[in-house]
Amino acid sequence: MSEFATQQIQAGYVPGTPQNSAIPPIYQTAAFQFASLADAADLFALRKTGNLYSRNASPTQQVLEERVAALEGGASAVAVASGQAAVAVTLLALVGRNGHIVAANQLYGGTVDLLQDTFEDFGIRTTFVDQDDPEAWRAAITPQTRALFAESVANPVAQVLDIRLVADIAHEAGVPLVIDNTVGTPFLVRPGEHGADFVVHSATKFLSGHGTSLGGVVVDQGTFDFGADPERWPQFTAPYKRFGELVLWERFGIGQSFAPLVKSKYVHDLGPSLSPFNSWQILLGIETLDLRVSRQSATALAVAKHLQQHPAVAKVNHPGLDDNPWHDLALRYLPRGVPSVFSFELAGPEDDSTHERVARVVDSLKVVRLIANIGDARSMVAHPASMTHSHLNAEQRAAAGISLNTIRLSAGLEDPADIIADLDQALALA
Ligand code: PLP
């Protein structure tokens, strides 16, 4: 097994004939020609795996899947059109009709929208809990619960999850733990090593690092045994309706059954396929993941320390700081560094004047840009209360640790001195 830096460049691709391309090629084709009708029938019936139609998978996408699975230490992976799609198809495949999810309060706003609005429309219910409260996780689990869901490092307040604690609670109840590791990145933390069974990513962020392309990935860590309680998991253990007598768990087994279900049902039916070009762009980004993340983490910590001393800043939410409530968890789970997405609170009351004060600061930034993204090469700010988390009510925002004064910062690859000088000139206007 190679080390991380080697895998991020090599995993999933061996140059081969006919062209011996050193870089994985972009297979920009909607469909593939079959060798024969018998070959086509085998592929359609899942008797055989191979190239069929790019809605289900493309060879460029498969390199990406293998690479992210390798980086997360997982067994298999599925890449889809966005992080949002990765979360959606993962939970649909696990939870099914009338199922129940227990999720952390501290989630990306788009995930909250999915869980409390769209999933509710389809009869999938979610109970939100404080991720730091083990009793709340336990108490929320019902006989219908089919997944526990949280982010390894939440956005924008950077709460660090005690992954092992929540994984043990999930496993005591016989359900898998799904972790969104978008902010954490597999370079800083591999949730599978701490008990997570499925790891999802918005590949749009750190995996890409360039901000050009949307994408998402889910990794099956190969740890959850759906066969241990077959009645609870009929999607894996009973005949798969559209494929006659095929039972995924018997055909593919642990670590290899989830991807065929997601691809042949949810991606096939709903269509959130990743394009070959975006797969390729994300692969290119991954080649420099460790270098970017190391540098961005160091910059973010330096910026956080500077902001902590600033009179216009009331509080800095960065778990690399000694007095942060999640500092001990950061030392345990993030020994290589804390992610570069964190937030700070402007000093001043939360009242009618807050928005104007925040706008004065944000609108006068020049190096740091106002962009609703994280984890790419440029430094970006967002105001969660009016942007990414604007659909949450005041109570939900408070539970996620977000106030009207909260400004999220994603530290980029610019010179740290320029980022700090830019923040200083903007904060002087607060
Ligand atoms: N998960 C997290 C933690 C995110 O921050 C985001 C996007 O901001 C998503 C998922 C959704 O990803 P995408 O924008 O690629 O759909």
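The rules behind these values
Residues numbered from 1 in each chain as written. Predicted model: local features only at pLDDT ≥ 70, side-chain atom pairs only at ≥ 80, totals over all residues. Heavy atoms only, no water. Near = heavy atom within 4 Å. Polar contact = N/O pair within 3.5 Å; in protein donor to acceptor, adjacent residues only side chain to side chain. Areas by Shrake-Rupley, 256 points an atom, 1.4 Å probe, with all protein chains shown as cover. Nonpolar A, V, L, I, M, F, W, Y, C, P; charged D, E, K, R; others polar. Core = buried A, V, L, I, M, F, W, Y, C linked by side-chain atoms within 4.5 Å. Buried < 20%, exposed > 50% of the residue type's maximum accessible area, 1.4 Å probe, protein only. Helix = DSSP H or I, 4+ residues; strand = E, 2+ residues; numbered from the N terminus. Domains from an automatic or database assignment. Axes fitted to C-alpha atoms, helices over the stretch in contact; angles between N-to-C directions. Parallel < 35°, antiparallel > 145°, perpendicular 65-115°, else oblique. Left-handed = near helix turned anticlockwise from the far one by under 90°. Contact = heavy atoms within 4.5 Å. Arc of directions from axis to C-beta. Pairing = 2+ DSSP bridges. Phe/Tyr/Trp six-rings, centres within 6.5 Å; stacked < 30°, edge-to-face > 60°. Lys NZ or Arg CZ within 6 Å of the ring centre and 35° of its normal. Salt bridge = Lys/Arg side-chain N within 4 Å of Asp/Glu carboxyl O. Buried area = accessible area lost by both parts, 1.4 Å probe.

Give a description of the site of the ligand that names residues and reports values.
Neighbouring the ligand are 13 residues, the closest being G83, Q84, D180, S202 and T204. Q84 is positioned such that a nitrogen or oxygen atom in its backbone is 2.8 Å from an oxygen atom of the ligand. At 3.2 Å, a side-chain N or O of N155 approaches an oxygen atom of the ligand. Protein burial of the ligand: of its 390 Å² of free accessible surface, 91% is covered by the chains. Among the residues making up the shell around the ligand, the classes are represented as two nonpolar, eight polar and three charged.

Account for the nonpolar core, with residues named and values stated.
Among the nonpolar cores identified, the biggest contains 98 residues, and L91, I101, W137, L148, F149, L177 and L334 are the most heavily contacted of them. Ranked by residues supplied to this core, first place goes to helix 4 (residues 83-95) with ten residues. When residues of this core are assigned to domains, at least three map to each of domain 1 (37-285) and domain 2 (289-427). In this structure, A312, F344, L409 and I420 belong to the second largest nonpolar core, which totals 25 residues.

How would you sum up the packing of helix 4 against helix 5 (residues 109-121)? Please name residues and give values.
Where helix 4 meets helix 5, the axes come as close as 10 Å, and the angle between the chain directions of the two elements is 45°. If you check the angle between helix 4 and helix 5, you find them oblique. Considering how the two elements wind past one another, helix 4 and helix 5 form a crossing that is right-handed. For the pair helix 4 and helix 5, the contacting residues are Q84, V87, A88, L91 and L92 in the first and G110, T111, L114, L115 and F119 in the second. Broken down by class, the residue content of the contact of helix 4 with helix 5 amounts to seven nonpolar, three polar and no charged.

Which residues make up helix 2 (residues 37-44), and what are the values?
Every buried residue of helix 2 is accounted for by D39, A40 and L43. Projected down its long axis, helix 2 shows its buried positions confined to an angular sector of 100°, all on one face.

Break down the sheet that holds strand 3 (residues 125-129) for me, with residues and values.
If you trace the seven strands from one edge of the open sheet to the other, you get 1-7-6-5-4-2-3, paired in mixed fashion. Of all the strands in the sheet, just strand 1 (76-80) and strand 3 have a single pairing partner and so form its edges. Between one strand axis and the next, the sheet turns by 20° as a mean value, whatever way the strands run. Where strand 6 (residues 198-202) lies against strand 7 (residues 216-220), five bridges are found, and the strand directions are antiparallel.

A description of the side chain of N155 should follow, citing residues and the corresponding values.
You can see N155 is positioned in the loop between strand 4 (145-151) and helix 7 (163-172). Of the residues examined, N155 reaches a relative accessible area of 6% and is grouped as buried. Within the structure, the side chain of N155 is placed 3.1 Å from the side chain of R408, a separation counted as a polar contact. Other than its neighbours up to four places away in sequence, N155 contacts L107, Y108, V183, I374, H389 and R408.

Any details on the packing of aromatic side chains? Residues and values, ideally.
Using the criterion set out here, one finds twelve aromatic pairs in the structure. Centre to centre, the rings of F224 and W233 are 5.5 Å apart; their planes meet at 80°, and the pair counts as edge-to-face. Ring centres of F226 and W233 lie 5.0 Å apart, and the angle between their planes is 75°; this geometry places the pair in the edge-to-face category. In terms of burial, F226 and W233 fall into one category: buried. Clustering of aromatic rings is evident, with ring pairs tying together F198, F224, F226, W233, F236, W249 and F258. When the ring centre of W233 is taken as origin, the NZ or CZ atom of R146, which lies over that ring, is 5.8 Å away. Just above the ring of F252 sits the side chain of R251; from NZ or CZ to the centre is 5.9 Å.

Lay out the sheet that holds strand 9 (residues 341-346) with the relevant residues and their values.
Taken in spatial order, the five strands make up an open sheet running 8-9-12-11-10, and their pairing is mixed. In the strand order of this sheet, the two ends are held by strand 8 (313-317) and strand 10 (369-370), each with one partner. In this structure, strand 11 (residues 380-382) lies alongside strand 12 (residues 406-410), joined through three bridges in antiparallel fashion. Counterpart to M380 in the pairing with strand 12 is S410.

Would you mind going over the pattern of salt bridges in detail, with residue names and values included?
Counted by the stated rule, this structure contains twelve salt bridges. A salt bridge links R138 to E172, with the shortest nitrogen-to-oxygen separation between them at 3.6 Å. Taken together, the residues span a long stretch of sequence, with R138 in helix 6 (residues 134-140) and E172 in helix 7 at a distance of 34 residues. Residues D269 and R242 are paired through a salt bridge, measuring 2.7 Å at the closest nitrogen-oxygen approach. Linking D269 in helix 11 (residues 258-270) with R242 in the loop between helix 9 (234-237) and helix 10 (248-251), this pair joins segments that are 27 residues apart in sequence. Of the residues examined, R242 reaches a relative accessible area of 38% and is grouped as partly exposed. Connected via shared salt-bridge partners are E135, R138 and E172.

Report on the domain arrangement of the protein, specifying residues and quantitative values.
Entries for the protein in the domain assignment read domain 1 (37-285) and domain 2 (289-427). Averaged C-alpha coordinates put domain 1 and domain 2 at centres separated by 28 Å. Taken together, the two surfaces of domain 1 and domain 2 that pack against each other cover about 3,400 Å², and 62% of this comes from carbon and sulfur. Sorting the residues of domain 1 by area buried against domain 2 places F187, L188 and F206 first, and these three jointly supply 23% of that buried surface. Our enumeration of links across domain 1 and domain 2 arrives at one salt bridge. For D162, the salt bridge identified is with R332, shortest N-O distance 3.3 Å. Taken together, the elements giving at least two residues each to the side of domain 1 that touches domain 2 come down to helix 5, helix 7 and helix 8 (185-188). Of the residues forming the side of domain 1 that touches domain 2, the biggest block, five residues, is contributed by helix 5. Here the side of domain 1 that touches domain 2 is composed, by residue class, of 19 nonpolar, 16 polar and five charged.

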